[in-house]
Amino acid sequence: MTTTRCAVLLALVVMLPGCGGGAKPNASKPVIVPAPAANNAGGQPAGAASHKNEVANQPGKPGKQKALPPGTDPRTVFEINEIPMDVTAPLAARPEDVFSVTSGIGGIDSTQMVVASGATAANRGTARQGFSLPKGFVALTDAGYSEDGLPLRIQCEKSGTTMALVPAGVVKMGTNEGPSECQPEFSLHLDAFYMDVFEVTVRDFDKYRQDQKEKKKPIPSTTNPTDSPRTPALGVPWGMAQSYARWLSMELPTEAEFEKAARGPNSLRTPWGNGRAVWPEARTTETLTVTGAFASDRSPYGIYDLAGNAREWCSDLYSDHAHRDAVASSNQTPHNWAGPKKVANLNLRAVKGGAPDWSAWGRTGRDIGKGFPDVGFRCVLKITVPETKAGAS
């Protein structure tokens, strides 16, 4: 991606609590230093010191660092390319105010960012001939199309919720160095699908409750019915979450779909990259807020809260050695892997999100017969993409 570089430094003093500190967030605005300077002045992972000089001496990058304002912690300094913005402000509705980490430099953590305007990424491509969405779903054409001609955003007419495209492709799942239940890392191929941009909220679930009431069916409940309408619906047992998804002609995501939606096409460790989390205020994996409250917890596909907020049900049966079984049972890249077929406990289903270090490969198993006050869910829409005929443009 080509961007117009007008490097500015954002001294994100208010982000210190979210970067591992526990102090009360500073309510002051970030200090803007509108002068060219070298890339990230600190916060690099261990072993990256030698690479720091390489970054500073790259063509087109200043080799001398500008002095920071007194009291500025260098670990909170970022270089922003193309446009300056206050990343501590609430996410605006305008596409041009949405930023994404589109590339990074090896050896440098996710504080090394290239920022691209969302408006640049949108309005690209044209609709694919022969492709149509299932009944009840409409394309949001203003969001643009993928290289394959699929709409980047669609809307479920029944719920009114927005869904993001997760393109087809190969993705890595799991890790070779993390918890044993997440080992080993392996590659698999997934077809394209759409996923809810936000978790199912109290407001969304209320529509389902009302529908069931009108049909004189048992009315499902949550553990937080009086919370803000934008809060994730919590405490919904797995079976009821699945019933909600099917009410909308959708499904719960598989573990593989959830992980790809979080890690993106480059199989990042977290939705924001391979580095540490950066929050505008203190956040832990137990923090529950309205959906989309932390703009950094946004995947490369524009999907929020896949690392934090509510943990989420997946459709897969759960096994501690699911990854090992997947690798052992296939001599090639699995296609649309949907979890283990044989497990010791049929009452356990996979739950994703909320890993201690925010890693997208984190996974646990929860009892499907119970509602947990920290577990919510979101839906996915499976689609069929017609093959392009040979010679067609």
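Let me sum up the structure you'll find in this document. What you are looking at is a predicted structure, and each value in this text was computed from that prediction instead of being measured.

### Examining the pairing of strand E6 (residues 162-166)
For a regular strand, side-chain orientation follows a simple rule: the groups alternate between the two sheet faces. Most of E6 sits inside the fold, with 4 of its 5 residues counted as buried. Both strand E5 (residues 153-156) and E6 contribute to a ladder of 3 bridges, which runs antiparallel. Bridge pairing in E6 places Gln155 opposite Thr162. Between E5 and the antiparallel strand that follows it, E6, lie 5 residues; Gly160 among them carries a positive phi value of about 80 degrees. Judged from the 4 bridges that link them, E6 and strand E9 (residues 193-196) form a sheet pairing that is antiparallel. The residue bridging Val166 from the neighbouring strand is Phe193, located in E9.

### Quick look at the sheet that holds E9
The strand order across the open sheet formed by 5 strands is E4-E5-E6-E9-E14, and the pairing between neighbours is antiparallel. Because the sheet does not close on itself, it has two edges, and the strands there are strand E4 (137-139) and strand E14 (380-382). In this sheet, neighbouring strand axes are inclined to one another by 30 degrees on average, regardless of whether the strands run parallel or antiparallel. Examined bridge by bridge, E9 and E14 share 3 bridges and lie antiparallel to one another. Across the sheet, the residue bridging to Met195 is Val380, located in E14. Docked against the sheet, helix H5 (residues 255-263) engages E6, E9 and E14, running at close to 75 degrees with respect to E9.

### Considerations on empty space enclosed by the protein
Considering all chains together, one arrives at 3 cavities of 30 Å³ or more under this definition. For the second largest cavity, the calculated volume is near 50 Å³. Lining the second largest cavity we find Phe258, Ala262, Pro271, Leu306, Ala307, Gly353, Gly354, Ala355, Trp358, Ser359, Ala360 and Gly362. Across the lining of the second largest cavity, the residue classes break down as 8 nonpolar, 4 polar and no charged.

### So, the sheet that holds strand E13 (residues 375-376)
Taken in spatial order, the 4 strands make up an open sheet running E12-E11-E10-E13, and their pairing is mixed. Strands with a single pairing partner mark the edges of an open sheet, and in this sheet they are strand E12 (363-367) and E13. In this structure, strand E10 (residues 311-317) lies alongside strand E11 (residues 348-352), joined through 3 bridges in antiparallel fashion. In the strand pairing of E11, Leu317 is matched with Arg349.

### Things to note about the packing of aromatic side chains
What the rule picks out here adds up to 14 aromatic pairs. A centroid spacing of 5.8 Å and a plane angle of 50 degrees characterise the contact between Tyr244 and Trp247, whose relative ring orientation is tilted. On the criterion of helical spacing, the pair formed by Tyr244 and Trp247 is a turn pair, its members being 3 residues apart in helix H4 (residues 238-247). Look at Tyr244 and you get buried, because its relative accessible area is 1%. On the accessibility criterion, Trp247 (13% relative accessible area) is buried. Between the aromatic rings of Trp279 and Phe294, the centroid separation amounts to 5.5 Å while the plane-to-plane angle is 75 degrees, which identifies the pairing as edge-to-face. Here Trp279 is found in the loop between H5 and E10, whereas its partner Phe294 is found in the loop between H5 and E10, with 15 residues between them in sequence. Of the two residues, Trp279 and Phe294, both sit in the buried class. Among the aromatic residues, ring-to-ring pairing joins Phe205, Tyr208, Tyr244, Trp247 and Phe377 into one connected group. Against the face of Trp279 rests Arg283, its NZ or CZ located 4.5 Å from the ring centre.

### Overview of unusual backbone geometry
What you tend to see is this: most non-glycine residues have negative phi, and most peptide bonds are trans. The linkage connecting Gln183 with the following residue, Pro184, adopts the cis geometry, with an omega of -5 degrees. Positionally, Pro184 belongs in the loop between strand E7 (169-173) and strand E8 (186-190). Phi is positive for Asn309, close to 65 degrees, though the residue is something other than glycine. On the basis of relative accessibility, which here comes to 1%, the residue Asn309 falls in the buried class. Positive phi, close to 70 degrees, is recorded for Trp358, a residue that is not glycine. The topology assignment puts Trp358 in the loop between E11 and E12.

Each value, and the rule that gives it
- Residues numbered from 1 in each chain as written.
- Predicted model: local features only at pLDDT ≥ 70, side-chain atom pairs only at ≥ 80, totals over all residues.
- Heavy atoms only, no water.
- Buried < 20%, exposed > 50% of the residue type's maximum accessible area, 1.4 Å probe, protein only.
- Helix = DSSP H or I, 4+ residues; strand = E, 2+ residues; numbered from the N terminus.
- Pairing = 2+ DSSP bridges.
- Axes fitted to C-alpha atoms, helices over the stretch in contact; angles between N-to-C directions.
- Contact = heavy atoms within 4.5 Å.
- 1 Å grid on protein atoms, 1.4 Å probe; cavity = no way out; pocket = protein on both sides within 12 Å on 5 of 7 lines; lining within 4 Å.
- Points joined across faces, edges and corners; volume = space filled by probe spheres on them.
- Nonpolar A, V, L, I, M, F, W, Y, C, P; charged D, E, K, R; others polar.
- Phe/Tyr/Trp six-rings, centres within 6.5 Å; stacked < 30°, edge-to-face > 60°.
- Lys NZ or Arg CZ within 6 Å of the ring centre and 35° of its normal.

Without other data, these values stay purely geometric and don't point to any function.
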